[in-house]
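Single-letter residue listing:
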Amino acid sequence: MAKLSKKTIIPIVLIILVVVLILIFKGKDHKGEAEKVRTVKAETFAVTPQEVIDAENFSGRFEAKDLAVLSTKVAGFVTRVNVKEGDFVKRGTVLVTIDDREIRQNVSSLTMNEESIKREMESLKAKEEYARSNYNRYKKLLEENAVTQEEFERIRSEYLAVKNQISALESRAKSIRDQKEAYVSLLSYTTIRAPFDGYVISKNVDPGTFVGPGTPLVTIASGTKEYDFVVEVPEKYFPMVSKLKEIPIYVDALQKMVLGRLHSTSPSVNPQTNSFQIKVRVNSEEIKTGMFGKLILPLGKSEKILIPESMIVSRGNIKAVYKVDSNRTVHFQIVRTGDSYVKTEIGLIPERTISGTQSKEKLIEITGGLSSGDVIIKDIDKVNEGDRLE
């Protein structure tokens, strides 16, 4: 066997070394890949279509079933305010008084005029009795030709003059009586009383305030649990609203839905807004007069693929989920999203219809990237692309 030269042996040794190194590194790569595949434990969510309610909302406010804005028909200075906002008052309670001294002075002056006219009338009645007796006597004498026509006419004129004086005095007395009655009736408007049991929800004046006819003084609302939700609805929705047996209203302050029934509708449509006003009667112990709310009008139902917002991964403008394949391997799946929905007492409705809610978890519509039956990861912070579920 021929000996290999030194020049031949060296290249062969180098080739063998290279091959060995390649095999070593390849083995390490496979070992590293095997180490990268993690087995994790995480909750999953099965994607299924859910029924949603398409809806519109219309804003309005609650007012007590019985609401009274109390004012006066007289002008004057407020002398007393006996209540403050929030006070409960019984029917007939004096709430506000207005200075009535000028009115009482006028009543007193007219009363004095009445007394004067009464005395004057008594005197004229006596004169009339004498003039009538004299007139009847002269009339009989004229028939007997015992007095001249001229004498009779003089007596007759005196009698008619007294009658005219009485008639004028009676007219004057009636005028004074009417004025007095008007002033007396005004006295009742200087003392403002509660028309029913209720709560003071606003007080607009203080002692010393000058008020005129029609100036709002105090507003009170009945203490019952019944309220009217007053709202304007576009006329095209009138047939839909009128058919509802129960009308849902979302109360912003309470972060909840209440149900009411249609109580009344305006007899005509507002030509400027093409809408009509309705009142929805609601029974609730939590609602207060003046609270803001939204009438939720269901328009129809449909099915959509929805997942909780917490299961969506956001990377800039990209939205994705961690989807689990049939081998239980986790994949980063990009999705397209649509509207947001929230759960309410009447079902799933678009979040925009009750915008401002803070406590309700949103469900996001998936319009692409997922199908019914897919499985995704709930705990998105526990997994990565390529992980395998236990």
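Here, the structure is the one placed above.
Analysis parameters
- Every chain is numbered on its own, with residues counted from 1 as its sequence reads.
- Only residues with pLDDT of 70 or above have their local features reported here, since the model is predicted, and side-chain atom pairs are shown and tallied only from 80 upward, although totals for entire chains, interfaces and linings are computed over all residues.
- Values shown for side chains rest on all heavy atoms present in the structure; no hydrogens or waters enter the calculation.
- Only DSSP runs of H or I covering at least 4 residues are called helices, and only runs of E covering at least 2 are called strands; the numbering of each starts at the N terminus.
- Accessible area is worked out with a 1.4 Å probe on protein chains only. A residue is then buried under 20% of its type maximum, exposed over 50%, and partly exposed in between.
- Here a residue-residue contact requires only that any non-hydrogen atoms of the pair lie within 4.5 Å.
- Under the convention used here, a 1.4 Å probe and the Shrake-Rupley method define accessible areas, while residue burial counts only the protein chains that appear.
- Strands pair, by our definition, only if DSSP identifies at least two bridges between them.
- Patch definition: residues above 30% relative accessible area lacking any salt bridge, with like charges linked at up to 9 Å and the nonpolar side chains Val, Leu, Ile, Met, Phe, Trp and Tyr linked at up to 5 Å.
- Only one rule defines a salt bridge in this text: a Lys or Arg side-chain nitrogen within 4 Å of an Asp or Glu carboxyl oxygen.
- Stacked, tilted and edge-to-face are the three classes assigned to paired rings of Phe, Tyr and Trp, where Trp is represented by its six-membered ring and a pair needs centres within 6.5 Å; plane angles under 30 degrees give stacked, over 60 edge-to-face, the rest tilted.
- Every definition here rests on a 1 Å grid over the protein atoms only: cavities are sets of points where a 1.4 Å probe fits but cannot get out, pockets are open sets enclosed by protein on both sides within 12 Å along at least five of seven lines, and lining residues have some atom within 4 Å of a point.
- Grid points are joined across faces, edges and corners, and a volume is the space filled by probe spheres set on the points.
- Classification used: nonpolar for Ala, Val, Leu, Ile, Met, Phe, Trp, Tyr, Cys and Pro, charged for Asp, Glu, Lys and Arg, polar for all others including Gly.
- Here, expected helix span is obtained from the residue count minus one, scaled by 1.5 Å.

A few words now on the overall build of the protein chain. Within the protein chain one finds four helices and 24 strands. Relative to its 390 residues, the protein chain shows a buried fraction of 33%. Partitioning the intrachain contacts of the protein chain with sequence separation of at least 6 by distance along the chain shows that 77% fall at a separation of at least 24. A total accessible area of about 23,900 Å² is found for the protein chain, and carbon and sulfur atoms account for 51% of it.

In this section: the sheet that holds strand 9 (residues 198–203). Through backbone hydrogen bonds, the strands of a sheet pair up, either in parallel or in antiparallel fashion. Here four strands make up an open sheet; going across it, the order is 4-11-9-6 and the pairing antiparallel. Both edges of this open sheet fall to strand 4 (67–70) and strand 6 (88–89), since each of them pairs with a single strand only. Relative to strand 9, strand 6 runs antiparallel, the two sharing two bridges. Paired with F88 across the strands is Y199, a residue of strand 9.

On the surface, a nonpolar cluster with roughly 340 Å² of combined accessible area is contributed by L67, F88, Y199 and I201. Exposure remark for F88: the relative accessible area of 44% places this residue in the partly exposed category.

Our next topic: the packing of aromatic side chains. Following the criterion strictly, the structure yields eight aromatic pairs and no others. Between F62 and F229, the ring centres sit 4.8 Å apart and the planes meet at 55°, which makes this aromatic pair tilted. With a gap of 167 residues between them, F62 in strand 3 (residues 49–64) and F229 in strand 12 (residues 226–234) connect regions that are remote in the sequence. By relative accessible area, which is 2% here, F62 ends up buried. Its relative accessible area of 0% is what places F229 among the buried residues. Ring plane angle 80° and centroid distance 4.8 Å describe the contact between F238 and F276, whose orientation is recorded as edge-to-face. In this pair, F238 sits in helix 4 (residues 238–243) while F276 sits in strand 15 (residues 275–283), placing the two residues 38 residues apart along the sequence.

Take the pairing of strand 11 (residues 218–222) next. A large share of strand 11 lies buried, amounting to five of its five residues. Here strand 11 shows two buried faces, one formed by V218, I220 and S222 and the other by T219 and A221. One ladder, built from four bridges, connects strand 4 with strand 11; its direction is antiparallel. From the neighbouring strand, A68 faces strand 11, where its bridge partner is I220. Note that strand 9 and strand 11 share five bridges and pair antiparallel. Counted as the bridge partner of Y199 is A221 from strand 11.

Further remarks concern the sheet that holds strand 8 (residues 191–193). If you walk across this open sheet you meet the four strands as 8-7-5-10, and the pairing is antiparallel. For this open sheet the edge positions go to strand 8 and strand 10 (210–211), each flanked by a neighbour on one side alone.

It is worth spelling out the layout of surface pockets at this point. Empty space within the largest pocket amounts to approximately 230 Å³. What lines the largest pocket is a set of 15 residues, among which Y199, S222, Y227, I287 and K288 lie closest to the centre. Those elements that provide at least two residues to the lining of the largest pocket are strand 9 and strand 11. Of the residues in the lining of the largest pocket, the class split is six nonpolar, six polar and three charged. Empty space within the second largest pocket amounts to approximately 160 Å³. In terms of lining residues, the second largest pocket is bounded by A75, G76, F77, D99, R101, E102, I103, N106, Y183 and F210. Elements that contribute at least two residues to the lining of the second largest pocket include exactly strand 5 (76–81) and helix 2 (101–143). With four residues, helix 2 is the largest single contributor of residues to the lining of the second largest pocket.

By secondary structure assignment, the location of G76 is in strand 5. What G76 contacts, discounting residues up to four positions off in sequence, is I98, T209, F210 and V211.

The phi dihedral of N274 falls on the positive side, at around 55°, and the residue is not glycine. Topologically, N274 is positioned in the loop between strand 14 (256–265) and strand 15. Even without being glycine, R328 reaches a positive phi, approximately 65°. Among the residues examined, R328 registers a relative accessible area of 40% and is labelled partly exposed.

Here we take up helix 2. Here helix 2 spans 61 Å end to end across 43 residues, near enough to the 63 Å set by a 1.5 Å rise per residue. The secondary structure elements touched by the buried residues of helix 2 are helix 3 (149–187).

Before going further, it helps to spend a moment on the pairing of strand 5. One ladder, built from two bridges, connects strand 5 with strand 10; its direction is antiparallel. Along strand 10, the bridge assignment pairs F77 with F210. Sheet topology note: the strand 5/strand 7 (residues 94–98) ladder contains three bridges and is antiparallel. By the bridge assignment, R80 is partnered in strand 7 with T97.

Everything listed here is a matter of geometry and, on its own, says nothing about what the molecule does.
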